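Here is how the chains run, residue by residue.
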Amino acid sequence: MKVHHSLFCLIFVSLQVRSSRSVETHYGVSGGNITFPCSFLSSGKIKIFCRETCEGENILIRTRDDAAQIGRYRTEYEREASRTFPVLQVSILELTRSDAGRYQCGLEDSPSSDSFLDFRLVVVDALLDGNKVPHLHRDAGSSLTIACSFEDSGRKRLFCRGGCGKDEVLVQTDAVRADRGRYSIEYEKRRNAAVLLVTITQLTQSDSGRYRCKLDRAIRSDLDRDFSITVTDVPDPSTFTPTATQSFSSTSESFSPAVSSETSSLCQKSAFKGQWLISFHCNFILMI
Ligand SMILES: *[C@@H]1O[C@H](CO)[C@@H](O)[C@H](O)[C@H]1NC(C)=O
């Protein structure tokens, strides 16, 4: 029994190490620009930037030039002279929700095995880092996704209406994702930081008001981020088209944005619970 558990743990740990190295999640604000720095161990002449895989129409830019732009996509290569390692800065301008997904950047002719990098892009309505309390305007029927970025992690994750008082909590969880009705939260732990992604779907006028993302911590002081929204009715209901809910299915890697039905999200949740159990179990064995 013990041997089985240890083996299971080893597999799990190695999966985690591999995935945390290969995919990073990057948060971009709808309408804004993002730049992702792809850092490589050795240099190359052919720079490539792709959506998902570097094949056919998925290739967004393939160039020998140090700087290139095609439509909303841009690459800029910085040689080793200015940095320790060569860096290919890849950018997407004027982000829309449909840009959410997985991307690859690489140096096609580099001899190194690490010449391609993957990253995941999550497109949000606002990215809160605590400097401002943004006020957002949305149409009724649409959805809203906010990324609350924190400089530290927290065990208990909350999404509240108002200030997280007794009757103000919309969703609360210790897990990586949770949803309740039209509200959901996703948690991503990063190195010395954390991101809490909160979503409200099918907005109505009565959703207008102030909201809070919060990490409730036993030892150190709590962390929170506030925002407010005003929802206005769409004038002509016949032109109304519901926007797809952006949700995040998660494997042992980080978030992967996908449109998911309720059933598949349920499966993912139970898969997650399993994973946490294994993770706790591993930690327990490692501690002994
Ligand atoms: C995005 O980049 C374009 C082109 O460089 C620039 O004109 C625009 O102002 C940028 N937008 C934002 C929100 O920074």
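Structural notes, computed from the coordinates. Every chain begins its residue count from 1, and numbering advances along the sequence as written. Whole-chain, interface and lining totals are the exception, using all residues; otherwise, since this is a predicted model, local features are given only for residues with pLDDT of at least 70 and side-chain atom pairs are given and counted only at 80 or more. Water and hydrogen atoms play no part in the side-chain values, which are based on all heavy atoms of the structure.

### A look at the site of the ligand
This is how it is decided: Note on definitions. A residue lies near a molecule or strand when any single heavy atom of the residue is within 4 Å of it. We call two N or O atoms a polar contact when they sit within 3.5 Å, provided that within protein one can donate a hydrogen and the other can accept it, with sequence-adjacent residues counted only if both atoms are side-chain atoms. Note on areas: Shrake-Rupley with a 1.4 Å probe; residue coverage comes only from the protein chains shown.
Residues in close proximity to the ligand include Asn33, Arg74 and Leu93, which together make up its full environment. The side chain of Asn33 places a nitrogen or oxygen atom 2.3 Å from an oxygen atom of the ligand. With respect to the ligand, the side chain of Arg74 contributes an N or O atom lying 3.3 Å from an oxygen atom. In the complex, the protein chains occlude 36% of the 360 Å² of accessible area that the ligand would expose alone.

### Looking at the pattern of salt bridges
We count it as follows: When a carboxyl oxygen of Asp or Glu lies within 4 Å of a side-chain nitrogen of Lys or Arg, that pair is called a salt bridge. Only DSSP runs of H or I reaching four residues or more are called helices, and only runs of E reaching two or more are called strands; each is numbered from the N terminus. Only protein chains enter the area calculation, which uses a 1.4 Å probe; residues under 20% of their type maximum are buried, those over 50% are exposed, and those in between are partly exposed.
Per the stated rule, a full pass over the model turns up 18 salt bridges. Residue Arg97 pairs with Asp125 through a salt bridge whose shortest N-O separation is 2.7 Å. Of this pair, Arg97 sits in the loop between β7 (87-92) and β8 (101-107) while Asp125 sits in the loop between β9 (116-124) and β10 (126-128); the two residues are 28 residues apart in sequence, bridging distant segments of the chain. Notably, a salt bridge pairs Asp226 with Arg212, separated by 2.7 Å at the nearest N-O pair. Here the residue Asp226 occupies a position in strand β19 (residues 223-232), and Arg212 occupies one in strand β18 (residues 209-216), the gap between them amounting to 14 residues. The class for Asp226 is buried, based on a relative accessible area of 13%. Connected through salt bridges with shared partners, the residues Arg210, Arg212, Asp224 and Asp226 form a single ionic network.

### As for the packing of aromatic side chains
Rules: Classification of ring pairs uses Phe, Tyr and Trp, with its six-membered ring standing for Trp, and accepts pairs whose centres are within 6.5 Å; under 30 degrees between planes counts as stacked, over 60 as edge-to-face, and the remaining range as tilted.
Inspection of the entire model under this criterion finds eight aromatic pairs. Seen in terms of ring centroids, Phe49 and Tyr103 are 5.9 Å apart; in terms of plane orientation they differ by 40°. Their pairing is tilted. You can see Phe49 sitting in strand β3 (residues 47-51) and its partner Tyr103 sitting in strand β8, a full 54 residues away along the chain. Comparing Phe49 with Tyr103, the two get one shared label, buried. With a centroid separation of 5.9 Å and 35° between ring planes, the pair formed by Phe159 and Tyr211 is classed as tilted.

### As for the sheet that holds β3
Threshold: Note on pairing: two strands pair once DSSP finds at least 2 bridges between them. Only the stretch in contact is used when a helix axis is fitted, and all axes are lines through C-alpha atoms; the angle between N-to-C directions ranges over 0 to 180 degrees.
The five strands lie next to each other as β1-β9-β8-β3-β4, forming an open sheet whose pairing is mixed. In this open sheet, the two edge strands, each paired with only one partner strand, are β1 (23-29) and β4 (59-63). Each strand of the sheet is rotated relative to its neighbour by a mean of 20°, with strand direction disregarded. The pairing of β3 with β4 spans four bridges and is antiparallel. When the bridges of β4 are listed, Phe49 appears paired with Ile61.

### Concerning the state of the cysteines
Put simply, the rule reads: Disulfide: a pair of cysteine sulfur atoms within 2.5 Å of each other.
The final tally for this structure, using the stated rule, is four disulfides. Here Cys50 pairs with Cys54 through a disulfide, and the sulfurs are 2.0 Å apart. Here Cys50 and Cys54 share a disulfide; its torsion about the S-S bond, 100°, makes the bridge right-handed. Its relative accessible area of 0% is what places Cys50 among the buried residues.

Purely spatial values, then, with no claim about function.
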